[in-house]
Structure formats: C-alpha cells, structure tokens
Amino acid sequence: MTTTMPTAPAPAQPAHRGSAGGGLMRRLNFGTGVLAGVALAAVAWLLSHSLLDSAGTFFQDQVATITFIGWVVGFLLGIGAFNGPINWFRGRDLTHDDELYLAGKDLGPRRYWKFCTDHKVVGVQYFVMTMIVLFAGGVLAMLIRIQLARPGDHFVNPQIYNAFIGMHGILMIVGLIVAVSGPFGNFIMPIMIGARDMAFPRLNALSFWLLVAAAVPLLAVFAVGGISDGWSTYAPLSVQDHVGMDAFAVGVTTFIISTTIAGVNMVTTFITMRTKGMKLDRVPIFTWGVTTSAALGLYAMPFFAVALTLLLSDRALGTSFYLSFGGGTDWLWENLFWLMGHPEVYVILLPAVGAVLEIATVFARKPLFGYNVVVGGMIGIVGLSTIVWAHHMFTTGWAPALNGPFMLTTELISIPTGVVFLALLGTIWQGRLWTRLPLLYVFGFVWNFIIGGVTGIYLSDVPVDNQMHGTMFVVAHFHYVFVGSVLFGALGAVAFWFPKMTGKYLDERMGRVAFWLVFAGVQVTFISMFISGLMGMQRRVSSYAHAMATTNFISTIGAFVIMAGMIIEAYTIVTSWRSGREAGRNPWRSKTLEWQVPTPVPLENFEVPPVVTSDPYGYGEAAPPLEAPAGHPDATPVTVGAAAKEELQS
Amino acid sequence: MTLTDTPAPTPPSPEPPAARPIRWKEIVAVWLVLTAITVVGDLVVFPRVMPRSASTTMHLTIVTVVLFSVTAAPVGSLVYAGAVYALRHWRAGSGDEPPPEGPPYRKHNQLSIAWLSISAMLAVFLLVWGLGALAADNAVAQKATMTVDATGQQWLWTFHYPGTKVTTETPYLPVGRTVTFDVTSLDVTHSFWIVQMGAKIDANPGEVTTVSVTPTRIGDFDVRCAELCGLYHAFMTTQIHVVSASQYQSWLQTQELSA
Ligand SMILES: [Cu+2]
Ligand SMILES: [Cu+2]
C-alpha cells in the first residue's frame, strides 16, 4: 500500500468502559461553550483584580489580557474541544461509538452547534462563519464610506473612525483567509482526493472553534474602547493604545493558532490521504491552491503571533521591544508584521486562484491548460512571497540599501502570477462556454485581477512607491486584489460547490443580479479611489482635502452598490439553501471526485476508497479504459479498482 | 478519472472535438482598440490627476507612472481581447445540460515558454528602469547643500534650520537648491510626505531618516502625514513655501531676529 487510506471500516474496539466522559461530555455544545467562556473570563477578571497590584502602570492591560485568555480557554473547554486529551489523561480512550458521535452521526442539525469532527460539517460551519465575518466587515466598510462621502468629519469623530478602519481591516483579513479554504478546503478537498476525512479530524474541529473563540474578543474591541492603529497596529502607537488593543492581540493570536492548526491539517491531508492512483499530477488544481496556501500560512502567520506576543509584553509587562527609549524599535514591528503580511496576501489569493481554475475547466468543457506550469507557478509564488516583505518598507528608512533587491524579488513574483492568466486563457480557448453563474465569476476575476496586478507593479517601483505608499492608491490596489479577485473567486466557488454542499442550485437569476451589482460597484468604488490616491489622499484619514470630494463621493456610491449586491447574494444563498431547485449528484457534469459521490455526501464519503487512473480533466478526450467494472452506481459511483477491493476484504 | 456518471459508460467518441477557425483579425482589432484607448487614457489621466510636479523627483515619478501604464496597456489588453473573443464566439448555452466537450488542449510548450519569456522580459525592463530611477533619486542626496530637521509628533510637524535659531511649522525653501530633511519623531511612527515633490520618509522615534529633494518651482506645497499616528492623523498637515533665493534669505533673517 503506497498511500495511507482509512481502509478498515471498524477499528478494534478498546475495552468499553462506558462512553468516554459519560453523558456530560456529550451534552456540550456552543451554548455550554459560551457559558464556560464567560464564566472563566469572569473568574480570570476577579482573580487578576485580587491578585495583581491595581496601582501598577500595566494593571488594566494585565487584567484585559488575562480575562480574554480566560474566555478563549473557557469556551474551548465548554464546547468539548479538550474531551479527547482529558479522557486520555484519565486513562480512557474514545470508543468507536464516541468517534462516530464526535463525527455527528445521527445528530441531525444539532451537529452544526457542536465540536464535530466531520470535515463536511466543519466546512458548512466555516461557510456560515465566513459570511458572518465578511458581513460585519462590510457593514464597517459602509460606515467608513459614509464618513468619507464628504470631507470634514461629518459623521463620527476620529476616534470612532479609527476603530472602524482597524476593525474593518482585521475582520476582512480574517474573513478572506478562511473564505475559500475554510468552507471548500474542508468540505470539498478531502473528497476531491478520495479521502474519508481530514488527516486530523479533531484538530479540524478545533481550528474552527478557535476561529469562533477569536471572533468574540475581536468584536469586543468596540466595547472596550476600540483600537486606533489600523489592522496593521504599528508599534509604538499600538503600545499606547486602549485596552481594546489587548482584546485585538488575544483575538488575532487565537485566530493564528486556528490557521496554523488548520494549515498542518490541510498539508498533512494532501500529502498522506490521497487515494490510490491520486498522484501529485492528477490531483485537482483546487487542492494545489489550498495546500500551497496552507503551507505558506504555516510559514507566515506565526510571525504575527510573535509580533503580537511581544506587543502584549510591552503593554502588560513593561518590556520595550518596540519602544525606542528602552532600546527597541518600530522597525522590529514593521518587519515582523510584513514577514507575515506579504505572504498572507498569497495565502488569501492562492485558494481563490485554484477555485477559479477548477471552475474554468468545468464550464469551458476543456482540460486545464498547462497543469504543470500552474502548479510550478503556485510553488514559485510560495517561495518568492517569503522574500518580498520589505517592499512594504521602502519608505520606512529601515534599510535603504535593500530597496533595490526587494524591488527585484517583487518584480520577479509577477512571472509566476502571470501564469494564472496563461492557464485561464488557455483553458477558455476554443472552449464550449457553458455560461452559468460560476463562469461569470471566472471572467470577473480575470478583469479585476489584471487591474489589481498591474497597479501592484507601480508600487513595486521604489520611486513611485515613495509617492504612493500610504495613500488611497494602495488601498484601491489591494481591494482590486481582495474584493475584485479573491472575493470573486470565493463567490464563484460558492455558486459552483453550492449544489454539492446543500443539494440545491444557487438561484441563477438572483445570483446574476448580485454578480453584476458587485462587479459594477467594484469598478466604480476603486477606480475612483485610485484617483483619490493619485491626487494625494492618504489612507486611514477621517477627513481629506476638498479637491478629493468628488472622487470620494463616487467611491461611496460604488461601495453601497457592492453592499446591495452582497445583500442580494446573502439572500440568494439563504433562500436557495432552504428552497432552491434540486441539483442532484453532479449538475455540472464535472469529473472531479466530489461530484461522483451522492448528495448529501454520506458520513465517510466513500463506501470503498476510489481508485484513480487519470486526472479529472479528460474533457474532449476518449475515456481511458476502465480498470475494473463499476461498483455500486449509487453508493460509490467511482470505479473501484480490484486492488482496493482486495485490500478491504483482507 | 474513470467515471460512471451514467449507468453505462458512454463509448468514447471516435473523433475528438474539432477546433473552430479563429478570426485572428478580430482579436487583433479588439486588442489594438483596447490598447489605444488605454494608452490615450493613461496619457490624459495620470498627468492631470497627479499633483503638478514641484521637484525633480516628482517629475521622474510621473514619467515612470505613465511609462509603466503605457507598457502594461498592450499586455492587459491582450488578455481582455482573448476573453472578449471567447465570450463573443464560444458561448454554448446556459441550460441545465452542458454543451459538448471542447478540444482537449492540455499544454503548448512553445506558448508557455513564450509567455514566461515575455513576462520575464517585462520584469527585467521594470527592474532596470526602476533601478535607474532609484539611482537618480539617490543622486539627489549628493547634491544637497542645505539641511532642515523635520520632527513629527502627535499631530504636528516642526522644522528646525541647523546652525540657526529658526524653528517653524511652515518652512520656506529656496527654489532650485537641493535640501535634505533629517526626519525623526518624538512619539509614534509618522511619515513625512511632501505631496507635490514625490518625497516620503517615515519619522521613527529614536532614529533619524533622510530624504532629499530639489524644488523646481515656486509655490506652496502640502506636507501630509502618511502613516496612521492616532486620533488626528488626518490633520497632521502643513505647507512648505518654495520661494526665490533672495526671498528665502530675507525670510530666514526675519525669523532669526524674531527668534
Ligand atoms: Cu507585499
Ligand atoms: Cu503623523
């Protein structure tokens, strides 16, 4: 056996000593998690008040940090995230029954509120969570645009405005990091490679509930005074900030632990859980997008956790990592932040690129063009993106001698990125374009990503960056990448995989209305934002010179058009989910594995592990000879090789 | 992947789907039109919306922006022309049944190599130009004959003329003379930006950073803080007055006397 497969259906049962943890542990869910989280936070608050010196300089920050950590730990305990380890310490092990219970067997909709190890449940949980986070970030974007509709702080004061931009930034970053990998990396990817679950199902559940745990301190930031440093929270400004900054640091660090755990899980799943015959040049391109992104995140995200830990230490323990009068420097923060910050752009982008390429082959009815080149491009992006971070620091004065080298690496990265367009055009070329909703997003992606990419080239040029850095030009550029490209990839993925996740089509007509509103809104908002930036408007300002009033007003109108489109999209998702048109098993006649299993997907995906004899892109090609007769058409529509059957029987 | 989507596998079609003839003239025409529109747009829009240059640095920056835009125009337009052509000629239905499958193009080595070579050449061009512009910017510093200390703090800029007692929030500079700003901060990170001069450098607490410019015309120019520095970041602005050499001298003397 060359690949690890969960072949034995029933592992040897450990001696049955009552279901592990008895009835109590089975009763844990989101509600008990919240209760335990609040309780432990209260205990932490009381303890820190009674034990710490309330006259100390750092008292408030110490209390806030300990309290929010108390919430995170309490929530995870209360939802049952540590049931496995706790039982292990008590000398028990989970029985097969317990495992099935954890996977949500026979629990119905209740399993979505529980610590559930089924990757499909986790995928749906991520899907809903992503929508909530992006919606919260979107509301903040509207509040920002209301403020900027006219110059002169006419809506809120600068302190509230600064909280808006910081929270908008971090919520959108969190939402976009999980937007494609969370729902589809979890739900779809394991099935795509013929696995029955992720490599570490419990870690999978843990990564999702850590995200929920992180969301609470992040949203609590508003309640405890906001943050006034943007999501990049540059020190030393962030060292001086209110206790909102402590909530931010604990929340973001928790989120980074979540992405790290998820990243380990995805990479391991991709390496070890591929079914027989699923060679590295046969896996669907989407899985390459998710895996390269996860691997890059493993490298990049911990820098931010380190940076935030040092920040908390400066704030609550009186160290001076970032304080010049204590021997520290703001350049340390900037380096750590961008060592994360640039790769993170590609962590967000790569899964969306994978999804767009996957959609393009299905809806052009053609093989993916240049598979090897694309995979090479993705790996090249991962490698190069680790050595470009200081292009965000051209104007800091940190290392002027390195400006040239970092300009070189940044311009090199345009080569592997350009491969995406070659693959997309090559795949669409001579295609039989099936103009359904997902394909629309492919074309939208192409349009926006060209603009986002080209405007990035200006910023890679040091002298131009000296003018543009810190202006709305930069903001418009990365919104073309994040909204115009990543969000379009994500919405395309939603339209494409919705039938597999819910059994229903995403309503085509409403979906198109949403698409066109968002597409038009993006052009209006961000083209005019480019102009504001070129005219000299700094970013993160609550007011601006009168000369930029027109372009800002246009941006505000465009932003509301985007919001209208997104509300229609959300409405379409909810109504289609409840009462959409039945789609059946494989409405898109795709050749990837996830479409070959029944809908709804059975608990362990495949009754017998499939055996794969070619890549899933054989459109227009004579079907390869069957290796073995088809198994059970309904249960396992994928042809099962004789070898796998023998293995199962032995 | 061997599939049994339908109960019995469909027998392989004897002929692979045929490619359709391509009207290259149409693609080239769309490409040329899109390129022309973009180039004209670049030439018209950028110099108008960007601030009128007030330094040699800013002049080079505007030239670079226009040059990069004009270079990118045919590249982006090529992708768009291909996408437009595909949408115009290869749409094949939007019903519930998929169209027949297309011709199985999996790769085209020469095309991939050409694509990679052209993008590499473009990257090299950008890099060479960028290094040249960077060297030109750095050369400005060599020509500096005067220094001004610029200090940021929440939320104002103060300028000190070394060797004099002059300290002001609205500095004067003589036109045509290269000046180096020694920039620092008293509290958090700020960024010293003279909008019309294309010069920007962060003001870091505990460090001194420098930026040099040669003002090329007389006028009042905007200084804006370009790094979020707290509550009134948006209002951390001032003006630099570029005047003739004689006016500058008399301003300096008046300031000295009143200091
Ligand atoms: Cu970057
Ligand atoms: Cu400032």
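Definitions and limits used
- Residues numbered from 1 in each chain as written.
- Chains lettered and ligands numbered in written order.
- Predicted model: local features only at pLDDT ≥ 70, side-chain atom pairs only at ≥ 80, totals over all residues.
- Heavy atoms only, no water.
- Helix = DSSP H or I, 4+ residues; strand = E, 2+ residues; numbered from the N terminus.
- Rg over C-alpha atoms; globule rule 2.2 N^0.38 Å.
- Buried < 20%, exposed > 50% of the residue type's maximum accessible area, 1.4 Å probe, protein only.
- Areas by Shrake-Rupley, 256 points an atom, 1.4 Å probe, with all protein chains shown as cover.
- Lys, Arg positive; Asp, Glu negative; His and termini not counted.
- Charge placed at Lys NZ, Arg CZ, Asp CG, Glu CD.
- Contact = heavy atoms within 4.5 Å.
- Salt bridge = Lys/Arg side-chain N within 4 Å of Asp/Glu carboxyl O.
- Polar contact = N/O pair within 3.5 Å; in protein donor to acceptor, adjacent residues only side chain to side chain.
- Nonpolar A, V, L, I, M, F, W, Y, C, P; charged D, E, K, R; others polar.
- Donors = N, O, S within 2.8 Å, 3.2 Å for Na, K, Ca; no water.
- Pairing = 2+ DSSP bridges.
- Phe/Tyr/Trp six-rings, centres within 6.5 Å; stacked < 30°, edge-to-face > 60°.
- Lys NZ or Arg CZ within 6 Å of the ring centre and 35° of its normal.
- Axes fitted to C-alpha atoms, helices over the stretch in contact; angles between N-to-C directions.
- Patch = residues over 30% accessible without salt bridge, like charges linked within 9 Å, V, L, I, M, F, W, Y side chains within 5 Å.
- pLDDT = per-residue confidence, 0-100.
- Core = buried A, V, L, I, M, F, W, Y, C linked by side-chain atoms within 4.5 Å.

Engineer: Summarise the overall build of chain B; cite the residues concerned and give the values.
Structural biologist: For chain B, the count of helices and strands is 4 helices and 10 strands. Each helix (α) and strand (β) of chain B, taken in turn from the N terminus, gives the series α-α-α-β-β-β-β-β-β-β-β-β-β-α. What you see for chain B is a C-alpha radius of gyration of 29 Å, clearly larger than the 18 Å of a compact globule of 259 residues, by over 25%. Each of the three principal axes of chain B carries a C-alpha extent, and together these read 100 × 40 × 30 Å. Considering chain B as a whole, with its 259 residues, one finds that 47% of them fall into the buried category. Of the roughly 12200 Å² of accessible surface on chain B, 64% is carried by carbon and sulfur atoms. Mean positive and mean negative side-chain charge positions of chain B (15 and 18 charges, respectively) differ by 12 Å.

Engineer: I'd like a description of the interface of chain B and chain A, backed by residues and values.
Structural biologist: Each side of the interface is counted separately: chain B has 95 residues, and chain A has 111 residues. Where chain B touches chain A, the interface holds 6 salt bridges. For Asp96(B), the salt bridge goes to Arg436(A), with nearest N and O atoms at 2.9 Å. Applying the counting rule to chain B against chain A returns 36 residue pairs in polar contact (both at pLDDT 80 or more). Those elements giving two or more residues to the side of chain B that touches chain A turn out to be α1 (24–49), α2 (56–89), α3 (109–142), β7 (199–203) and β9 (219–225) of chain B. Across the side of chain B that touches chain A, the residue classes tally to 57 nonpolar, 23 polar and 15 charged.

Engineer: Break down the coordination of the copper ion (ligand 1) for me, citing the residues and quoting the values.
Structural biologist: Residue and element names in this part refer to chain A. Ligation of the copper ion (ligand 1) by protein atoms is provided by His342 (ND1), His391 (NE2) and His392 (NE2), these donors lying 1.7 to 2.0 Å from the ion. Written as a sequence motif, the donor arrangement for the copper ion (ligand 1) is H-x48-H-H. Pair noted here: His342 is in helix α14 (residues 330–364) and His392 is in the loop between α15 (371–384) and α16 (403–412), with a separation of 50 residues, a long-range link. As far as burial versus exposure is concerned, His342 and His392 are alike and both buried.

Engineer: Talk me through the side chain of Ser485(A); I want residue IDs and the actual numbers.
Structural biologist: Residues and elements named next belong to chain A. Following the sequence through the fold, Ser485 ends up in helix α20 (residues 472–502). Judged by its relative accessible area of 0%, Ser485 is buried. Side-chain polar atoms of Ser485 contact the backbone oxygen of Tyr480, separated by 3.0 Å. Beyond its immediate sequence surroundings of up to four residues, Ser485 is in contact with Phe445, Asn448, Phe449 and Tyr480.

Engineer: Account for the pairing of strand β6 (residues 190–194) of chain B, naming residues and giving values.
Structural biologist: All names here are of chain B. In terms of burial, β6 is largely enclosed, as 5 of its 5 residues are buried. Here β6 shows a buried face lined by His190, Phe192 and Ile194 and a second buried face lined by Ser191 and Trp193. Where β6 lies against β7, 5 bridges are found, and the strand directions are antiparallel. Following the sheet pairing, Ser191 is matched in β7 by Asp202. Between the end of β6 and the start of β7, which pair antiparallel, lie 4 residues, with Gly198 showing a positive phi angle near 60°. Bridge analysis of β6 against β9 gives 3 bridges, and the strand direction is antiparallel. Counted as the bridge partner of Trp193 is Arg224 from β9.

Engineer: Describe the packing of aromatic side chains, with residues and values.
Structural biologist: On inspection of all chains with the given rule, the structure shows 64 aromatic pairs over all chains. When the ring centre of Tyr101(A) is taken as origin, the NZ or CZ atom of Arg26(A), which lies over that ring, is 4.3 Å away. We note Lys200(B) situated over the ring of Trp193(B); from NZ or CZ to the ring centre the distance is 4.3 Å.

Engineer: Give a description of the sheet that holds β6(B) that names residues and reports values.
Structural biologist: Residues and elements named next belong to chain B. Taken together, 5 strands build an open sheet; the order of strands is β4-β10-β9-β6-β7 and the sheet is mixed. Only two strands of the sheet have a single partner each, and these edge strands are β4 (172–174) and β7. Adjacent strand axes in the sheet meet at a mean angle of 25°, parallel and antiparallel pairs treated alike. Taken strand by strand, helix α4 (residues 245–258) contacts β4 and β10 (237–243), and its axis lies near 140° from that of β4.

Engineer: Report on a nonpolar patch on the surface, specifying residues and quantitative values.
Structural biologist: Residue and element names in this part refer to chain A. On the surface, a cluster of nonpolar side chains totalling about 650 Å² of accessible area is made up of Leu40, Val43, Leu47, Leu51, Ile69, Val73, Leu77 and Ile86. Elements with a minimum of two residues in the nonpolar patch: α2 (30–51) and α3 (59–79). Relative to the helices and strands, Leu40 resides in helix α2. Take Leu40: its relative accessible area is 30%, and that puts it in the partly exposed class.

Engineer: Hey, could you go over the side chain of Thr180(B) for me, with residue numbers and the actual values?
Structural biologist: All names here are of chain B. In this fold, Thr180 is placed in strand β5 (residues 179–185). Reaching out from Thr180, the side chain makes a polar contact with the side chain of Ser212 at a distance of 2.9 Å. Beyond its immediate sequence surroundings of up to four residues, Thr180 is in contact with Ala141, Ala144, Met146, Thr147, Val148, Thr210, Val211 and Ser212.

Engineer: How would you explain the environment of Ser232(A) if you had to name every residue and give the values?
Structural biologist: All names here are of chain A. Looking at where Ser232 falls in the secondary structure, it is placed in the loop between α10 (201–223) and α11 (237–240). Sequence separation between Ser232 and Gly169 is 63 residues; the distance between their C-alpha atoms is 8.4 Å. Residue contacts for Ser232: discarding those within four places in its chain leaves Trp333, Phe337 and Arg540.

Engineer: Which residues make up the pattern of salt bridges, and what values do they have?
Structural biologist: Following the criterion strictly, the structure yields 17 salt bridges over all chains and no others. The partner of Arg88(B) in a salt bridge is Glu26(B), and the shortest N-O contact between them spans 2.8 Å. Of this pair, Arg88(B) sits in helix α2 while Glu26(B) sits in helix α1, and the two are 62 residues apart along the sequence. Owing to a relative accessible area of 52%, Arg88(B) belongs among the exposed residues under this scheme. Here Glu26(B) falls in the buried class, since its relative accessible area comes to 16%. By sharing partners, the salt bridges in this structure join Arg436(A), Glu508(A), Arg512(A), Arg581(A) and Asp96(B) into a single network.

Engineer: Mind laying out α16(A), listing which residues take part and the relevant values?
Structural biologist: The buried count for α16(A) comes to 7 of 10 residues, which makes it a mostly enclosed element. Residues of α16(A) that are buried include every one of Asn403(A), Gly404(A), Phe406(A), Met407(A), Thr409(A), Thr410(A) and Glu411(A), and no others. Buried positions along α16(A) lie against α17 (414–428), α18 (437–460) and α19 (462–468) of chain A together with α3 of chain B.

Engineer: Could you give an account of the pairing of β10(B), naming the residues involved and the relevant values?
Structural biologist: Residues and elements named next belong to chain B. Taking burial as the measure, the 7 residues of β10 include 5 buried ones, the bulk of the element. For β4 and β10, the ladder comprises 3 bridges, and the chain directions are parallel. Across the sheet, residue Leu173 finds its bridge partner in β10, namely Val242. Pairing of β9 with β10 involves 6 bridges; the strand directions are antiparallel. The partner of Phe221 across the bridge, within β10, is Ile240.

Engineer: Please set out the confidence of the model for chain A residue by residue, giving values where relevant.
Structural biologist: Predicted confidence across chain A gives a mean pLDDT of 90, with 92% of residues reaching 70 or more. Throughout residues 625–650 of chain A the model reports pLDDT below 50, and contacts reaching past four residues in sequence, or to other chains, amount to 50 contacts.

Engineer: A description of the nonpolar core should follow, citing residues and the corresponding values.
Structural biologist: Membership of the largest hydrophobic core comes to 260 residues, with the highest contact counts inside it found for Ile285(A), Trp333(A), Trp497(A), Phe181(B) and Phe192(B). Broken down by element, this core gets its largest block of residues, 22 residues, from α14(A).

Engineer: Describe the sheet that holds strand β2 (residues 156–160) of chain B, with residues and values.
Structural biologist: Residue and element names in this part refer to chain B. One open sheet accounts for 5 strands, arranged β3-β2-β1-β5-β8; its pairing is mixed. Since the sheet does not close on itself, it has two edges, and those belong to β3 (167–168) and β8 (209–213), each with one partner. Of the pairings in the sheet, the one linking β2 to β3 comprises 2 bridges and is antiparallel in character. Bridge assignment links Phe159 to a residue of β3, and that residue is Thr168.

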